[in-house]
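What follows is each chain in one-letter form.
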Amino acid sequence: MQITVHKRLYRIAVRELRRIVARPIYLFCMVIAPIFCYIFFTTLMANGLPVSMPAGVVDMDNTATTRTIIRNLDAFQQTRVTAHYANFYEARKAVQRGEIYAFYYIPEGTTEEAIAGRQPRVSFYINYAYLIAGSLLYRDQRTMSELASGAIGQSTLLAKGATEDQAMAFLQPIVIDTHALNNPWLNYSVYLCNTLLPGILMLLIFLTTAYALGTELKENTAQVLMRLADNSIGTALVGKLLPHTVIFFIVTVFYNVYLYGFLHYPCNGGVVPMLLAGLLLVLASQAVGIFFFGMFGTLRLALSAASLWGVISFSISGFTFPVMAMHPVLQGLAVLFPLRHYFLIYVNLALNGYPFVYVWQPIVALLLFLLLPFFVLKRLRTEMLHYVYIP
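Let me sum up the structure you'll find in this document. It should be emphasised that the depicted structure is a prediction, and the values quoted were computed from it without experimental measurement. (Residues numbered from 1 in each chain as written. Predicted model: local features only at pLDDT ≥ 70, side-chain atom pairs only at ≥ 80, totals over all residues. Heavy atoms only, no water.)

**Let's talk about the overall build of the protein chain**
Within the protein chain, the regular secondary structure consists of 16 helices and four strands. A compact globule built from 391 residues would reach a C-alpha radius of gyration of about 21 Å, whereas the protein chain, at 28 Å, exceeds it by more than 25%. Counting only residues that meet the buried cut, the protein chain has 45% of its 391 residues in that class. When the accessible area of the protein chain is evaluated, it comes to approximately 20800 Å², of which 65% is carbon and sulfur surface. Of note, the protein chain has its 26 positive side-chain charges centred 22 Å away from the centre of its 18 negative side-chain charges. (Helix = DSSP H or I, 4+ residues; strand = E, 2+ residues; numbered from the N terminus. Rg over C-alpha atoms; globule rule 2.2 N^0.38 Å. Buried < 20%, exposed > 50% of the residue type's maximum accessible area, 1.4 Å probe, protein only. Areas by Shrake-Rupley, 256 points an atom, 1.4 Å probe, with all protein chains shown as cover. Lys, Arg positive; Asp, Glu negative; His and termini not counted. Charge placed at Lys NZ, Arg CZ, Asp CG, Glu CD.)

Below is the structure:
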């Protein structure tokens, strides 16, 4: 009796579901690990930005003006002055020991030189081994230096007889009115989690797809799979990975509902387009996993390549460092990573609320990833039919 393709797909999918249920590693990689990461990273950055990060001060001048500067620095949300040091050497040692992230150095005679108009110099030293902490403390200390300069200048002008309005007009002739678009809270979690969480899911899809195909060879069950598929590698792949696609898409729906429904992150373009983008990311990631396994032919090498490609995606996708500021070679390589295109869809649709037409290029790019398995189908069919694993 002739068995239709639909029945073959159904039988392969049921077989794969049984394998998923029988192996706890699937449950961990497909459900537990992604959900744990979602909750972990969103709660880790629940405040949006780290606050009250420890910093030190070396005040060699010790005047009322410098003490005011220190109090104002301590008033910043991200900075907490936890220690005063007698000299530069002690403060540097504290940074090296990890007790503080940065320290503010005020040399002797700063107030006197400022009042005399001789432009004194203050210094701030940052431990950039901690990128986020270093960047935020650098911003606070630089801002404090500019405000201190203005405060001292204002005091000098007032002492010379200028009115307060005249002093302010001289110190700040142009007033800048800043408004942060689409994320007015400057919540770093909004920028980070919307791409970090799909990136983690993408990495797990890479690994799970390569593992699912590799275990068929390792356990010498690939020929059984091919018999169910009537020796059609296309039918075998679709039937085997269909349950994976459904499960991963459900996990995708979960993080979209969690971010935009529960945490109320900005989603100006609607949730439905982001769900479609998530589905494209799942399919593109599975295609990449198939390509890696078909290209290398062994489980160990395929998992290694998938891990490397997935980890690099976090750096080159552009959500931590802009791609346009990278080397031109890296800008060209960025298009080879599915997460880069998902990030562009998120920025344009969810964050900025642009019309759908503005994301046609990254959508096409994600669809092009679906062509990758066709380059290795012949090799993959040969492996599935004739490869015999020898422990």
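**Some points on the sheet that holds strand β4 (residues 123-126)**
One open sheet accounts for four strands, arranged β2-β1-β3-β4; its pairing is mixed. Sheet topology places β2 (79-84) and β4 at the edges, where each strand pairs with a single neighbour. The mean angle between the axes of side-by-side strands here comes to 25 degrees, regardless of whether they run parallel or antiparallel. Alignment of strand β3 (residues 102-106) against β4, held across four bridges, turns out to be antiparallel. Within β4, the residue paired with Ala 102 across the bridge is Ile 126. (Pairing = 2+ DSSP bridges. Axes fitted to C-alpha atoms, helices over the stretch in contact; angles between N-to-C directions.)

**Details of the side chain of Gln 141**
Tracing the backbone through its elements, the reader meets Gln 141 in helix α6 (residues 131-159). If we skip the residues at most four places from it in the chain, Gln 141 touches Ala 55, Leu 73, Ala 102, Phe 103, Tyr 104, Phe 124 and Ile 126. (Contact = heavy atoms within 4.5 Å.)

**Re the packing of aromatic side chains**
Per the counting criterion, the structure on display carries 19 aromatic pairs. Pairing Phe 88 with Phe 103 gives two aromatic rings, centres 5.5 Å apart and planes at 70 degrees, and the pair type is edge-to-face. Residue Phe 88 is found in helix α4 (residues 88-96), and its partner Phe 103 is found in strand β3; the two are separated by 15 residues along the sequence. Ring plane angle 85 degrees and centroid distance 6.3 Å describe the contact between Phe 88 and Tyr 105, whose orientation is recorded as edge-to-face. In this pair, Phe 88 sits in helix α4 while Tyr 105 sits in strand β3, placing the two residues 17 residues apart along the sequence. (Phe/Tyr/Trp six-rings, centres within 6.5 Å; stacked < 30°, edge-to-face > 60°.)

**With respect to the pairing of strand β1 (residues 53-59)**
Extensive coverage of β1 is indicated by the burial of seven of its seven residues. Sheet topology places β1 next to β2; five bridges connect them, and they run parallel. In the sheet register, Met 53 faces β2, and the bridge partner there is Thr 79. With helix α3 (residues 64-74) bridging β1 and its parallel neighbour β2, the resulting β-α-β unit is right-handed. Where β1 lies against β3, five bridges are found, and the strand directions are parallel. The residue of β3 that forms the bridge with Ala 55 is Ala 102. (Right-handed = clockwise from strand over helix to strand, strands pointing away.)

**Quick look at helix α12 (residues 299-316)**
Taking 1.5 Å of rise per residue, 18 residues should cover 26 Å, and α12 covers 26 Å from first to last C-alpha, within 8% of that figure. Inspection of α12 places Leu 299, Ala 302, Ala 305, Ala 306, Gly 310, Ser 313, Phe 314 and Ile 316 among the buried residues, and these make up the whole buried set. The inward-facing, buried residues of α12 abut α8 (188-218), α11 (271-296), α13 (328-333) and α14 (338-351). (Expected span 1.5 Å × (residues − 1).)

**Focus: the pattern of salt bridges**
Summed over all chains, the structure comprises ten salt bridges. Salt-bridge contacts for Glu 16 lead to Lys 240; the nearest nitrogen and oxygen are separated by 2.5 Å. Of this pair, Glu 16 sits in helix α1 (residues 5-22) while Lys 240 sits in helix α10 (residues 233-262), and the two are 224 residues apart along the sequence. By the burial criterion, Glu 16 is buried, and Lys 240 matches it. One salt bridge in this structure joins Glu 99 and Arg 97, with 2.8 Å as the shortest N-O distance. Take Glu 99: its relative accessible area is 42%, and that puts it in the partly exposed class. The exposed category is assigned to Arg 97, whose relative accessible area is 52%. (Salt bridge = Lys/Arg side-chain N within 4 Å of Asp/Glu carboxyl O.)

**Things to note about α8**
Residues spaced three or four apart along an α-helix point in a common direction, a consequence of the helix completing one turn every 3.6 residues. Across its 31 residues, α8 extends 44 Å between first and last C-alpha, which sits within 8% of the 45 Å expected from 1.5 Å per residue. Within α8, 26 of the 31 residues are buried, which leaves it mostly tucked inside the rest of the structure. Following α8 by one or two positions, Asn 220 has its phi on the positive side, about 55 degrees.

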